[in-house]
Amino acid sequence: QVQLVESGGGSVQAGGSLRLSCTAFGRSFSTYAMGWFRQAPGKEREFVAAVSENGGITTYADSVKGRFTVSRDNAKNAAYLQMNSLKPEDTAAYYCAAKNPYSGNDYAGAHYLYWGQGTQVTVSS
């Protein structure tokens, strides 16, 4: 069992930056791949980024490539999402999630076992 807690959300103007953190409580954090998803009001949840269990492989949605960076620190049981050049369309609740690295691709939320409660990011123009 793993509990995930996100932090770092907030309000920022377009072009600004935020760094989200996801802290894991439980065992074997380093055995899980970690993903970030977001959901805007009235829209479906969408994949943002993922990082492999050892941090060596990262994947991104096309909409955030070049602006967002996903990383992790297994010694701290934490994953991060550095968000730069934020746009109003990045406004959403952001969620981190953990999956078994062999449980399908990184893009589908259904492949993830554990989810955090979410943190709100609001980008104003």
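Preceding block: the structure.
Residues numbered from 1 in each chain as written. Predicted model: local features only at pLDDT ≥ 70, side-chain atom pairs only at ≥ 80, totals over all residues. Heavy atoms only, no water.

## So, the state of the cysteines
For the structure on display, the rule yields one disulfide. One disulfide in the model links C22 with C96; its S-S distance is 2.1 Å. Measuring handedness by torsion sign, the sulfur bridge of C22 and C96 sits at about 60° and is right-handed. Within this pair, whereas C22 is found in strand 3 (residues 18–26), its partner C96 is found in strand 9 (residues 92–99), the two being separated by 74 residues in sequence. For C22, a relative accessible area of 0% puts it in the buried group. (Disulfide = S-S within 2.5 Å. Helix = DSSP H or I, 4+ residues; strand = E, 2+ residues; numbered from the N terminus. Buried < 20%, exposed > 50% of the residue type's maximum accessible area, 1.4 Å probe, protein only.)

## Structural notes on the nonpolar core
Ranked by internal contacts, the top residues of the largest apolar core, which has 36 residues, are L4, W36, L81, M83 and Y94. Going through the elements one at a time, strand 1 (2–7), strand 3, strand 4 (33–39), strand 5 (46–51), strand 7 (68–73), strand 8 (78–83), strand 9 and strand 11 (119–124) are the ones with two or more residues in this core. Ignoring sequence-local partners within four residues, the contact set of Y94 consists of E6, L20, F37, R38, V48, F68, L81, M83, G118, T119 and V121. (Core = buried A, V, L, I, M, F, W, Y, C linked by side-chain atoms within 4.5 Å. Contact = heavy atoms within 4.5 Å.)

## Thoughts on the pattern of salt bridges
Applying the stated criterion to the full structure yields five salt bridges. Here R38 and D90 are joined by a salt bridge, their closest N and O atoms 2.9 Å apart. Here D90 lies in the loop between strand 8 and strand 9 and R38 lies in strand 4, a separation of 52 residues in the sequence. We note a salt bridge from R67 to D90, for which the minimum N-O separation is 2.7 Å. With a gap of 23 residues between them, R67 in the loop between strand 6 (58–60) and strand 7 and D90 in the loop between strand 8 and strand 9 connect regions that are remote in the sequence. Classification of R67 by relative accessible area gives buried; the value is 11%. A single network of salt bridges, built from pairs that share partners, joins R38, E46, R67 and D90. (Salt bridge = Lys/Arg side-chain N within 4 Å of Asp/Glu carboxyl O.)

## Considerations on the sheet that holds strand 7
Read across the sheet, four strands follow the order 1-3-8-7 without closing on themselves; strand pairing throughout is antiparallel. Only two strands of the sheet have a single partner each, and these edge strands are strand 1 and strand 7. Between one strand and the next, the sheet's axes are offset by a mean angle of 15°, whatever the strand orientation. Here six bridges tie strand 7 to strand 8, and the two strands are oriented antiparallel to one another. Note that in strand 8 the partner of F68 across the bridge is M83. (Pairing = 2+ DSSP bridges. Axes fitted to C-alpha atoms, helices over the stretch in contact; angles between N-to-C directions.)

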